[in-house]
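Tertiary structure, described
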Amino acid sequence: MPTPDEKVLARRAEIAAALSAIVPGEGVIDHPDGLRPYETDGLTAYRQAPMPVVLPETTAQVAAVIRWCHEHEVRIVPRGAGTSLSGGALPLADGVLLGLSKLNRILEIDYVDRLVVAQPGVTNLAITQAVESEGFYYAPDPSSQIACTIGGNVAENAGGVHCLKYGVTTNNVLGVEFVTATGEIVRLGGRGLEPPGLDLLGLVVGSEGLLGIVTEVTVRILPQPECVRALLIGFDDVESAGRCVAEIIASGIIPAGMEMMDRPAIHAAEAFVNVGYPLDVEALLIVELDGPAAECAALVDRVGGIAREMGAPSIRVSTSDGERAAFWAGRKAAFPAAGRLSPDYYCMDGTIPRRRLPEVLSRIRVLSEQHGLAVINVFHAGDGNLHPLILYDANRPGELELAEAFGEDILKLCVEVGGVLTGEHGVGVEKRDLMPVMFSEADLNQQKRVKCALDPKLLLNPGKMIPQLHRCAELGRMHVHRNDAPFPDLPRF
Ligand SMILES: Cc1cc2nc3c(=O)[nH]c(=O)nc-3n(C[C@H](O)[C@H](O)[C@H](O)COP(=O)(O)OP(=O)(O)OC[C@H]3O[C@@H](n4cnc5c(N)ncnc54)[C@H](O)[C@@H]3O)c2cc1C
């Protein structure tokens, strides 16, 4: 009798052999050492070796892999760069990991129609780099943009600092080529802003790899603004900083970016990058303004005036691109800076109405004391998207569970004050079981019907985003049930 391990190895070899015929050469990895880099994504608390990893180089190969998996009922986890912070690209023990990183070419740049057509494995930053010499850029700018892929951005509907003014991924994607769960190649959207027919592109953006595979993306590019300046504004209390954010927006100004850091985050970031952040303040706002030079100057004056009215004791305005970059350096390094304070951190992602910022921050401080874990707060203040970083030590028994419980309380708080479970990192495995906190059973069943219509065998990224859905035939009679652990069948790191 073969042992369970031998059965896994035999099954892996069988699937690898079949997929090697579709993606020859070095397109399939099945050696345990080769699988190791794919065991986890940005949610590093979870780890699972996949069945083989398959790395197609063309859309036709992607479609053939999907068709084979569909026919043989093999589950598939799509993966871009694996930077998901919600475990979206976490492998399944019995599933193929479909890596899209070799589809990494920019196919077309059209300055007249102001668009770029790219394969899904092209990094977010590479799109801007491809067009910046002609004075253009791609606006959505996740902090992970040096690594994360445009396909992963579409799947997660990624955001970033500049999304306050220029919209998140869904507002900047015009069309995709898409491989369905049965292996058909279809085109959704197009090259203009309003294609005819049902808005299936809207359905696919943010679908976290549950509905099909994105194999080509057409994005809008924008001309670089003539002038960009940033203000670094310190406050004696978080409430005043929160009021300043609300007042700037209420006055009709939409900054290109508006980010806030609390005192622990300011200190951590300054120790990391040394750019002269004020250390005697409780909250720091970075407000970036862009546009024609005259408008930019007027906006800087108006925002400075509002900040003074809100009692800001320290205001600096960037006088050069270098200084502006220095203002941002600390904010952009906030995650690695947290890594110097603690062996591990757990990055949360929830969104709240802007006006509730001060109240939510003070309740997070109370939760921090209750759970006995420190937290530092950085967030996209303009759109109310919080990123509390919970500091913990995974080597201390029970601390990961404590961090998760703390994170869950923060997300429930976001929903309680009228916000939502995620701002930009997606649901993945991390927030899957919290979906009923936000959605009614009828709401969730509607989402499950869409999933079942497009992937009736439930082969694409199962176990992510949608609370337990075992068989589509169950739909209508099923109850959403909560698991004790977010993803009980996966061993933790
Ligand atoms: C340090 C750090 C900072 C971050 N900052 C931000 C931020 O500012 N804003 C933000 O929005 N996110 C941020 N993220 C999260 C992450 O980078 C984004 O979610 C990003 O969009 C993921 O892209 P990826 O290529 O790494 O996708 P992966 O992590 O590989 O996959 C993400 C999800 O997309 C699916 N997927 C990937 N490619 C495809 C495809 N071609 N077709 C179908 N499904 C696919 C996967 O199955 C998975 O569910 C950050 C992450 C890190 C580690």
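Let us look at the structure shown here. These figures come from a predicted structure and were not determined experimentally.

1. Regarding the state of the cysteines
A full pass over the atoms with the stated rule returns 1 disulfide. Shown here is the disulfide that connects C452 with C472, its sulfur atoms set 2.1 Å apart. Its torsion about the S-S bond being -90 degrees, the disulfide of C452 and C472 is classed as left-handed. Of this pair, C452 sits in helix α16 (residues 441-454) while C472 sits in the segment after α16; the two residues are 20 residues apart in sequence, bridging distant segments of the chain. Not part of a disulfide, C244 finds its nearest cysteine sulfur in C296, a span of 17 Å.

2. Thoughts on the packing of aromatic side chains
Throughout the structure, instances matching the rule amount to 3 aromatic pairs. Aromatic pair Y137 and Y166: ring centres 6.3 Å apart, planes at 90 degrees, arrangement edge-to-face. Residue Y137 is found in strand β7 (residues 136-137), and its partner Y166 is found in helix α6 (residues 163-166); the two are separated by 29 residues along the sequence. Judged by its relative accessible area of 13%, Y137 is buried. Each ring, one from F335 and one from Y345, has its centre 6.1 Å from the other, and the planes form 65 degrees; the classification is edge-to-face. With F335 in helix α12 (residues 334-341) and Y345 in strand β16 (residues 344-347), this pair connects stretches of sequence that are 10 residues apart.

3. Quick word on helix α8 (residues 238-250)
Helix length check: α8 (13 residues) gives 18 Å between terminal C-alpha atoms against 18 Å at 1.5 Å per residue, within 8%. Taken together, the buried positions of α8 are V238, S240, A241, G242, C244, V245, I248 and I249. Following α8 by one or two positions, G252 has its phi on the positive side, about 100 degrees.

4. Some words on the nonpolar core
In terms of nonpolar packing, the biggest core is built from 86 residues, with V176, I233, F235, L285 and I390 touching the most fellow members. Ranked by the residues each element gives to this core, the list is headed by helix α14 (residues 399-416), at 8 residues. Contact partners of V176, with chain neighbours within four places excluded, come to V154, V186, R187, L188, L201, V214, E216 and V217. Formed by 24 residues, the second largest nonpolar core is a distinct cluster that contains V161, I266, A269 and F327.

5. Let's talk about the sheet that holds strand β2 (residues 53-54)
Spatial ordering of the open sheet is given by β1-β2-β4-β3, a layout of 4 strands whose pairing is mixed. On the outer flanks of this sheet lie β1 (28-29) and β3 (75-79), each paired with one strand and no other. Relative to strand β4 (residues 95-99), β3 is paired through 5 bridges, and the arrangement is parallel. Residue pairing for β4: R75 is matched across the bridge by G95. Where helix α3 (residues 59-71) meets the sheet, its contacts fall on β2, β3 and β4, and the angle it forms with β4 comes to roughly 170 degrees.

6. Observations regarding the environment of Q61
Along the polypeptide, Q61 turns up in helix α3. Since its relative accessible area comes to 19%, Q61 is described here as buried. Spatially, the C-alpha atoms of Q61 and V429 are 28 Å apart, while their sequence positions differ by 368 residues. Ignoring any residue separated from it by four or fewer positions in sequence, one finds Q61 in contact with I22, V23, P24 and P56.

Rules used throughout
Residues numbered from 1 in each chain as written. Predicted model: local features only at pLDDT ≥ 70, side-chain atom pairs only at ≥ 80, totals over all residues. Heavy atoms only, no water. Disulfide = S-S within 2.5 Å. Helix = DSSP H or I, 4+ residues; strand = E, 2+ residues; numbered from the N terminus. Phe/Tyr/Trp six-rings, centres within 6.5 Å; stacked < 30°, edge-to-face > 60°. Buried < 20%, exposed > 50% of the residue type's maximum accessible area, 1.4 Å probe, protein only. Expected span 1.5 Å × (residues − 1). Core = buried A, V, L, I, M, F, W, Y, C linked by side-chain atoms within 4.5 Å. Contact = heavy atoms within 4.5 Å. Pairing = 2+ DSSP bridges. Axes fitted to C-alpha atoms, helices over the stretch in contact; angles between N-to-C directions.

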